[in-house]
Amino acid sequence: MRRRENGSCIGRATVFRAVDKLVAKGLLDRIDFADGTHRYRVCGDHHHHHLTCSSCHRVVEFDFCLPADQIARIGAQTNFEIEGHALSLFGLCEQCRTHRG
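For the structure given in this document, a descriptive report is provided here.

Cut-off values and rules
Residues numbered from 1 in each chain as written. Predicted model: local features only at pLDDT ≥ 70, side-chain atom pairs only at ≥ 80, totals over all residues. Heavy atoms only, no water. Pairing = 2+ DSSP bridges. Helix = DSSP H or I, 4+ residues; strand = E, 2+ residues; numbered from the N terminus. Axes fitted to C-alpha atoms, helices over the stretch in contact; angles between N-to-C directions. Patch = residues over 30% accessible without salt bridge, like charges linked within 9 Å, V, L, I, M, F, W, Y side chains within 5 Å. Areas by Shrake-Rupley, 256 points an atom, 1.4 Å probe, with all protein chains shown as cover. Salt bridge = Lys/Arg side-chain N within 4 Å of Asp/Glu carboxyl O. Expected span 1.5 Å × (residues − 1). Buried < 20%, exposed > 50% of the residue type's maximum accessible area, 1.4 Å probe, protein only.

1. Points about the sheet that holds strand E5 (residues 88-91)
Then comes step 1: The three strands lie next to each other as E4-E3-E5, forming an open sheet whose pairing is mixed. With one partner strand each, in any of the chains shown, strand E4 (59-62) and E5 form the two edges of the open sheet. Adjacent strand axes in the sheet meet at a mean angle of 20° when their direction is disregarded.
Then comes step 2: Here four bridges tie strand E3 (residues 49-53) to E5, and the two strands are oriented parallel to one another. Bridge pairing in E5 links Thr52 to Phe90.

2. So, a nonpolar patch on the surface
Then comes step 1: Taken together, Leu66, Ile74, Phe80 and Ile82 make up a surface patch of nonpolar side chains, about 380 Å² in accessible area.
Then comes step 2: Tracing the backbone through its elements, the reader meets Ile82 in the loop between helix H2 (68-78) and E5.

3. Structural notes on helix H1 (residues 12-24)
Then comes step 1: If you check H1, its first and last C-alpha atoms are 18 Å apart, about what 13 residues at 1.5 Å a residue would give, namely 18 Å.
Then comes step 2: Gly26 sits one or two residues past H1 and shows a positive phi near 80°.

4. What about the pattern of salt bridges?
Then comes step 1: All chains considered together, the criterion is met by two salt bridges.
Then comes step 2: When the shortest N-O distance is used, the salt bridge between Arg30 and Asp32 registers 2.9 Å.
Then comes step 3: On the accessibility criterion, Arg30 (41% relative accessible area) is partly exposed.
Then comes step 4: Classification of Asp32 as partly exposed rests on a relative accessible area of 28%.

Structural measurements only, silent on function.
Next comes the structure, spelled out in structure tokens:
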């Protein structure tokens, strides 16, 4: 295998394709932040969502969802057949709120 100028044997595109496959298989979660950045982390295999701190980027998982009738109403209003959902909430954690003041 030929080494690249930076000393690595694997190209960045290869790494990103592998990460995308891990996300698609549910082995990694992509965590989106309010500032448009994202990170990846290993999460549980149960259905869950994320709450992220806009300041320190702390991530908290939660497992409650919108009621099924609200999801169905959104689908009906937009003429979509809803196949799944992901919910990300952004805010300030208690520690960042305390140090902000």
